[in-house]
Amino acid sequence: MNWNKLAAASFFAVLNVVAFAAHADVKATTPVAASASTLKADPFGALKHVNAGLLNVAYAEVGPADGPVVILLHGWPYDIHSYSEVAPLLAAKGYRVLIPYARGYGDTHFLSDKTPRNGQPAALASDVIDFMDALKIKKAVLGGYDWGARSADIVAALWPERVEALVAVSGYLIGNQAAGKNPLPPKAELQWWYQFYFATDRGEAGYEKNRHDFAKLIWQTASPKWTFDDATFDRSAAALDNPDHVAITVFNYRWRLGIVQGEPQYEALEQRLAKAPNITVPTITMEGDANGAPHPAAEDYAKRFTGKYEYRLINGGIGHNLPQEDPQAFAKAVIDADHL
């Protein structure tokens, strides 16, 4: 079957609705300060790097080295600066806060040019475990939104012994390819227009050419009441210049539609995730009252959290990038989840 033709047909059907509706191997083996040539992450200062699994991970670290660990995971198309105000709030409470760039973002790079640029969910979640192992972190509080919430959910579901507590914006985001084949109501399909776009060669080329403008459009539609300025956007958009970013993004969305298959080493994990495993660790899920991105209703996923659990709706025009739009609320949720 010609998947490109099939995907293109699906995309252009949705596009009509939209139109009407408006590297080199890295040798470091222990964390070291990044060189002057690498990206800087104000207000975090110089990033650190560590070899972790398939990656050399660039990450920010804030707070006392001997504090309880919090790992914060960013989404697409955002970066670690979503937590630029959350991190110091948590550090002030004694937490050691780690904020890694995901594969395909910032100064995180694959250790080998031969590694597939795989963006499937199980791979991204496995990166979190590899990161913890590399830094000898046995257990941490995990927090995330968008792709970061999905990775945090997966780690909590498959490796609960590694998770002290969980904060997940938009709640339970574990999916599978079989579910992804089910058509949604038209309004819901419209919200996923970019997924159909990425299913085509045209979409991949378009994102490569216009990734910054594309990301700004996503920011605006996902957080329609967030009045971010150009400096805020530009600081995060620099992370999208990673040479693997487009490949990782396109793979992720094509995987969800079943257009591409994941790597064999993740198949057992994906089979477990396809059963929608419960999350047993203490959890707070959150939602902004003005989230313009596709997201499930809280009542639809509450039963998936079988341990100590709390849901919070954050009012005030808060959109998809909740940690950056309301850092106080997110930091409080992390602290509270740790004490559930």
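Conventions adopted
- Residues numbered from 1 in each chain as written.
- Predicted model: local features only at pLDDT ≥ 70, side-chain atom pairs only at ≥ 80, totals over all residues.
- Heavy atoms only, no water.
- Helix = DSSP H or I, 4+ residues; strand = E, 2+ residues; numbered from the N terminus.
- Contact = heavy atoms within 4.5 Å.
- Phe/Tyr/Trp six-rings, centres within 6.5 Å; stacked < 30°, edge-to-face > 60°.
- Buried < 20%, exposed > 50% of the residue type's maximum accessible area, 1.4 Å probe, protein only.
- Salt bridge = Lys/Arg side-chain N within 4 Å of Asp/Glu carboxyl O.

- As recorded in an unreviewed UniProt entry, the chain goes by Alpha/beta hydrolase and comes from Pseudomonas nunensis.

1. What about the environment of Lys216?
And step 1. With respect to the element layout, Lys216 can be found in helix α8 (residues 201–222).
And step 2. The spacing of Lys216 and Phe233 is 17 residues in sequence and 7.4 Å in space, taken between C-alpha atoms.
And step 3. Other than its neighbours up to four places away in sequence, Lys216 contacts Phe228, Asp230 and Phe233.

2. Focus: the packing of aromatic side chains
And step 1. Applying the stated criterion across every chain yields a total of 30 aromatic pairs.
And step 2. Plain terms: the ring middles of Trp193 and Tyr197 are 6.3 Å apart, the flat faces sit at 45 degrees to each other, and that makes the pair tilted. Of the two residues, Trp193 and Tyr197 both sit in helix α7 (residues 193–198), four residues apart, roughly one turn of that helix.
And step 3. You can call Trp193 partly exposed: its relative accessible area is 21%.
And step 4. For the ring pair Trp219 and Trp226, a centre distance of 5.2 Å and an interplane angle of 20 degrees mean the geometry is stacked. For the pair formed by Trp219 and Trp226, the shared burial category is buried.
And step 5. Put simply, the rings of Trp76, Trp147, Trp192, Trp193, Tyr194, Tyr197, Phe198, Tyr207, Phe214 and Tyr253 pair up and form one aromatic cluster.

3. So, unusual backbone geometry
And step 1. Pro77 follows Trp76 through a cis peptide bond whose omega is -5 degrees.
And step 2. Non-glycine residue Ser170 carries a positive phi angle of around 70 degrees.
And step 3. As for its placement among the helices and strands, Ser170 is situated in the loop between β8 (163–169) and α5 (177–180).
And step 4. Here Ser170 falls in the buried class, since its relative accessible area comes to 3%.
And step 5. We note that Ala276 has phi near 55 degrees; this positive angle belongs to a residue other than glycine.
And step 6. Positionally, Ala276 belongs in the loop between α11 (267–273) and β9 (283–288).

4. So, the pattern of salt bridges
And step 1. A complete count under the given rule lists 12 salt bridges for this structure.
And step 2. A salt bridge links Asp133 to Arg162; its shortest N-O distance comes to 2.9 Å. Placement of the pair is Asp133 in helix α3 (residues 121–134) and Arg162 in the loop between α4 (147–158) and β8, with a sequence separation of 29 residues.
And step 3. Note on Asp133: relative accessible area 42%, which makes it partly exposed.
And step 4. The salt bridge involving Asp230 is made with Lys216; its shortest N-O contact spans 3.4 Å. With a gap of 14 residues between them, Asp230 in helix α9 (residues 230–237) and Lys216 in helix α8 connect regions that are remote in the sequence.

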